[in-house]
Amino acid sequence: MKNSWQASLRDSIVSADELAEKFKLDLAAMTAVTVRYPFRITRHYFNLIKEKGDPVWLQAVPDARELHDSGQLADPLNENGLSPVPGLIHRYPDRVVWLVANSCAVYCRFCMRKRQVGCKNGEIDTANFAGALHYIRGNPAIRDVILSGGDPLLLDDTALEDILAALRQIPHVEIIRIGTRIPVTFPERITASLCNIIKRHHPVYINTHFNHPLEVTTESRSACAMLADAGIQLGNQTVLLAGVNDNPAVIAELFRKLLTIRVKPYYLHQMDLVKGTAHFRTRVKTGLEIMEALRGNISGLAVPYYVIDLAEGKGKVPLLPGQSKANNGVYTLRTYTGELVEYKD
């Protein structure tokens, strides 16, 4: 049925009152969080919650601790400072991130763009798309365009195809990537029409975002199968989250399951230092121990890079167990430009 996924999205849970119908809550505290940071849970994702405080709950349900984090920054990666035109982030010489949407099917509580995604101050002005395209056309070094947001797959089919077609008209743009959590949180959005649109503009890669084995469901398997059958290579970026997936057994189970649905584990991310997310932060030591436990115990295909995205836009740096060592809790990391940077765990 036409527009069925839009109708399903409109049926999402958007208020703490609806959660309180099923779970015992501190309604006032939760409501205070939703005033500052947006809240939405699709019915699909909500139905994965087994009990209050479980791994799905922690990722999706507002937490009072979000308002008590004053020690981190809203934009620690300096994305605003690396935006030559509105909505475009140019950190590495050969690639850009283009923010084409500002809404998500589920507003993850650990979001790296918590300062703007779903917020009125972060609304996307499509009038700026011409400026982004002009910038990309004028910079032949840009070979890779990453569509992000928000979630690009919440655009309607026509809007998404217009963007893909415009990028394909730029000769030096070799690949297009889409960052999305839709297969995890809102798999009904993955339709035959959407897959056909993407297929027309290959090579297109999709990096999705599974964080826990509970998220690998019958519906998400089907969504990933449709994308893979359309010739789209699927990768996954997992964020290391305290209380959600910060132990080797959970991560190993997740990565094994991802391979069975044709999704390649790509990155395991150390939490960014984003204001409102400090309660999710783990020690770097924890991530290194997880990576050590994976080696030799699961297929090499299932082992991602464990990375830190450095402050001030200095880029991602991989950490290797047995080689990345701290001195009094401080890691010395080398950026892609060769600069040595200290990272305090």
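Since this is a predicted model, take the numbers as computed values, not measurements. (Residues numbered from 1 in each chain as written. Predicted model: local features only at pLDDT ≥ 70, side-chain atom pairs only at ≥ 80, totals over all residues. Heavy atoms only, no water.)

Caption draft 1: Geometry of unusual backbone geometry. Here the residue pair G149 and G150 is connected by a cis peptide bond, since its omega of 20° sits within 30 degrees of zero. Unlike most non-glycine residues, R262 shows phi in positive territory, near 65°. Secondary-structure assignment places R262 in the loop between α11 (248-260) and β7 (263-269). For R262, a relative accessible area of 44% corresponds to the partly exposed category. Its identity is not glycine, yet E312 carries a phi of approximately 65°, on the positive side. (Helix = DSSP H or I, 4+ residues; strand = E, 2+ residues; numbered from the N terminus. Buried < 20%, exposed > 50% of the residue type's maximum accessible area, 1.4 Å probe, protein only.)

Caption draft 2: Here's a closer look at the nonpolar core. With 98 residues, the main nonpolar core has L19, W98, I136, V145, L147, L167 and I198 as its most contacted residues. Residue contacts for L19: discarding those within four places in its chain leaves I13, L25, M30, F39, I41, F46 and V61. (Core = buried A, V, L, I, M, F, W, Y, C linked by side-chain atoms within 4.5 Å. Contact = heavy atoms within 4.5 Å.)

Caption draft 3: How the structure looks around helix α10 (residues 218-229). For α10, which comprises 12 residues, the first-to-last C-alpha distance of 16 Å matches the rise-based estimate of 16 Å (1.5 Å per residue) to within 8%. Within α10, burial applies to S220, A223, C224, L227 and A228. When α10 is viewed along its axis, its buried side chains cluster within an angular range of 130° and face the same direction. Facing away from the buried side of α10 by more than 90 degrees, the exposed set consists of T218 and D229. In this fold, the buried residues of α10 make contact with α8 (182-185), α9 (192-199), β5 (204-208), β6 (233-239) and β7. (Expected span 1.5 Å × (residues − 1). Arc of directions from axis to C-beta.)

Caption draft 4: Inspection of helix α12 (residues 284-294) at higher detail. Among all positions in α12, only V284, G287, L288, I290, M291 and L294 are buried. When α12 is viewed along its axis, its buried side chains cluster within an angular range of 160° and face the same direction. Two residues or fewer past α12, G296 is found with a positive phi of approximately 85°.

Caption draft 5: A look at the packing of α11 against α12. For the pair α11 and α12, interaxial distance at closest approach is 9 Å and the crossing angle is 55°. Judged on the interaxial angle alone, α12 and α11 are oblique. Both α11 and α12 take part in a crossing whose hand is right-handed. Listed contacts from α12 to P248, I251, A252 and F255 of α11 are I290, A293 and L294. Across the contact of α11 with α12, the residue classes break down as seven nonpolar, no polar and no charged. (Axes fitted to C-alpha atoms, helices over the stretch in contact; angles between N-to-C directions. Parallel < 35°, antiparallel > 145°, perpendicular 65-115°, else oblique. Left-handed = near helix turned anticlockwise from the far one by under 90°. Nonpolar A, V, L, I, M, F, W, Y, C, P; charged D, E, K, R; others polar.)

Caption draft 6: Layout of the sheet that holds strand β11 (residues 330-334). The antiparallel open sheet is built from three strands, whose spatial order is β10-β11-β12. Edge positions in the sheet fall to β10 (326-327) and β12 (340-344), since each has one partner strand and no second. The pairing of β11 with β12 spans five bridges and is classified as antiparallel. Note that in β12 the partner of T332 across the bridge is E342. (Pairing = 2+ DSSP bridges.)

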